[in-house]
Amino acid sequence: MIEVLIVEDEADILDILTFNLENAGYKVLAASSAEDGIRMLGPDTALILLDVMLPGMSGFQMARQLRKENRNHIPIIFLTARGTENDILTGFSAGGDDYIAKPFSINEVLARVKAVLRRSGGESTRGDVLDFGELHIDLSSETAELGGRPLSLSRKEFDLLALLARHPDTYFSRAALISSLWKDAPYVLDRTVDVHIARIRSKLGKYRDLIKNKTGFGYYVDSHNVVQK
Ligand code: CA
């Protein structure tokens, strides 16, 4: 049975989600705060449905904490009443895999849960590998390979590449990248992001154009630009 953790402070919504996911054959862990959610999260939890606006720790904060503890391989779908582009990007950079805007229909939730589980490969470890042509990014071993040879990336370079690659065709502003990857360093300049991107691109060789920049938007991985053999 696939285990799903739901974190939602509104009791009605928590009940409806729990009832319907159990009905659809999932094992549900139901938490009404991020703090409880973190406590209940187990080694078999395959997905988190995470409300953003929570009393105490917010959904975004919880996602960041899990990621810091290296549990970012658990896919997260944010439940959010806010739908602005900026909030969505903040959610993604906090480690979210998808988001559902409230009010939602149960069918939509079930479809997204299924899609995210399929994308993450369920129990298969292959789901932790992102493939772009000859470039393979292994999220669980935190290594990358290009044309069968290991890519020598610094910690930050890997994290930056992995963040962009996990959300292909999604723009990340420099500010979003800084807040996600350099959160413990108070004075990081936009230029630092540019320097890291330049280093990654030079190491990617013929795949250098996989990472694109659009003025005023930010950086993104262009999945339509995978080099064909
Ligand atoms: Ca809420």
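Per chain, residues are indexed from 1 in the order of the written sequence. pLDDT decides what is reported in this predicted model: residues at 70 or higher carry local features, side-chain atom pairs at 80 or more are listed and counted, and totals for whole chains, interfaces and linings draw on all residues regardless. No hydrogens and no water enter the side-chain calculation; it runs on all heavy atoms of the structure.

Under the annotation held in an unreviewed UniProt entry, the protein carries the name Response regulator transcription factor and is attributed to Candidatus Cryptobacteroides avistercoris.

So, on to the packing of helix H6 (residues 155–166) against helix H7 (residues 174–181). Between the N-to-C directions of two axes lies an angle of 0 to 180 degrees, each axis being a line fitted to C-alpha atoms and, for a helix, fitted only over the stretch in contact. Where helices and strands are cited, they refer to DSSP runs of H or I of at least four residues and of E of at least two residues respectively, numbered from the N terminus. At a minimum axis separation of 11 Å, H6 and H7 run at an interaxial angle of 125 degrees. What the angle tells us is that H6 and H7 run oblique. Every pair of crossing elements has a handedness; the one defined by H6 and H7 is right-handed. Across the interface between the two elements, Lys156, Asp159, Leu160, Leu163 and Leu164 of H6 pack against Leu177, Ser180 and Leu181 of H7. By residue class, the composition of the contact of H6 with H7 is 5 nonpolar, 1 polar and 2 charged. In what follows, roughly perpendicular refers to angles from 65 to 115 degrees, roughly parallel to angles under 35, roughly antiparallel to angles over 145, and oblique to any angle outside these ranges. Crossing chirality is assigned from the near helix's rotation relative to the far helix, an anticlockwise turn below a right angle marking it left-handed and a clockwise turn marking it right-handed. The contact criterion used throughout is that any non-hydrogen atoms of two residues lie within 4.5 Å. For this classification, the nonpolar set comprises Ala, Val, Leu, Ile, Met, Phe, Trp, Tyr, Cys and Pro, the charged set comprises Asp, Glu, Lys and Arg, and every other residue, Gly included, is treated as polar.

So, on to the packing of aromatic side chains. Note on aromatic pairs: the rings of Phe, Tyr and Trp (six-membered ring only in Trp) are paired at centre separations within 6.5 Å, and the planes decide the class, stacked below 30 degrees, edge-to-face beyond 60, tilted for the rest. Counted by the stated rule, this structure contains 3 aromatic pairs. With a centroid separation of 4.8 Å and 85 degrees between ring planes, the pair formed by Phe60 and Phe78 is classed as edge-to-face. Of this pair, Phe60 sits in helix H3 (residues 59–68) while Phe78 sits in strand E4 (residues 76–80), and the two are 18 residues apart along the sequence. Of the two residues examined, Phe60 and Phe78, each falls in the buried class. Among the aromatic residues, ring-to-ring pairing joins Tyr171, Phe217 and Tyr220 into one connected group. Throughout, exposure labels follow a simple rule: accessible area from a 1.4 Å probe, protein chains only, divided by the maximum for the residue type, with under 20% read as buried, over 50% as exposed, and the rest as partly exposed.

Here the focus is the coordination of the calcium ion. The donor set covers N, O and S atoms within 2.8 Å of the metal, switching to 3.2 Å for Na, K and Ca, and it leaves out water, so a site may look short of donors. Only Asp9 (OD), Asp51 (OD) and Met53 (O) from the protein reach the calcium ion as donors, at distances of 2.2 to 2.3 Å. Taken in sequence order, the residues that donate to the calcium ion follow the motif D-x41-D-x1-M. Separated by 42 residues along the polypeptide, Asp9 in the loop between strand E1 (3–7) and helix H1 (11–23) and Asp51 in strand E3 (residues 45–51) bring together distant segments of the chain. Classification of Asp51 as buried rests on a relative accessible area of 3%.

This paragraph deals with the confidence of the model for the protein. For residues with low pLDDT, the predicted coordinates do not support detailed interpretation. pLDDT is a residue-level measure of predictor confidence that goes from 0 to 100. Averaged over the protein, the pLDDT score is 86; the fraction of residues at 70 or greater is 88%. Element-level mean pLDDT values for the protein span from 65 in helix H4 (residues 85–93) up to 97 in strand E2 (residues 27–31). Confidence drops under a pLDDT of 50 for residues 122–126, and excluding neighbours within four residues, the segment shows 3 contacts in the predicted structure.

Moving on, we get to the sheet that holds E3. Paired strands are those between which DSSP finds at least two bridges. Strand order in this open sheet of 5 strands is E2-E1-E3-E4-E5, and the pairing throughout is parallel. Only two strands of the sheet have a single neighbouring strand rather than two, namely E2 and strand E5 (98–101). Here the average twist between neighbouring strands, direction ignored, is 20 degrees. Judged from the 4 bridges that link them, E4 and E5 form a sheet pairing that is parallel. When the sheet's bridge partners are listed, Ile77 is paired in E5 with Asp98. Running over the sheet, H3 touches E1, E3 and E4 and is turned about 150 degrees from E3. Each of E3, E4 and E5 touches helix H5 (residues 106–119); the most contacted strand, E5, lies at about 180 degrees to it.

Next up on the list: the nonpolar core. As used in this record, nonpolar core signifies buried Ala, Val, Leu, Ile, Met, Phe, Trp, Tyr and Cys residues forming a set joined through side-chain atoms within 4.5 Å. Ranked by internal contacts, the top residues of the largest apolar core, which has 31 residues, are Phe132, Leu135, Ile137, Leu164, Leu177 and Ile211. At 7 residues, the largest contribution of residues to this core is made by H6. Other than its neighbours up to four places away in sequence, Leu164 contacts Phe172, Leu177, Ile197, Ile211, Tyr219, Tyr220 and Val221.

Let's shift gears to unusual backbone geometry. The omega torsion across Lys102 and Pro103 is -5 degrees, close enough to zero to call that bond cis. Structurally, Pro103 is set in the loop between E5 and H5. In this model, Glu142 sits at a positive phi of 55 degrees, which is unusual for a non-glycine residue. Take Glu142: it is sitting in the loop between strand E7 (135–138) and strand E8 (143–146). Judged by relative accessible area, which is 27%, Glu142 ranks as partly exposed. Even without glycine at this site, Asp169 takes up a positive phi of about 65 degrees. Structurally, Asp169 can be placed in the loop between H6 and H7.

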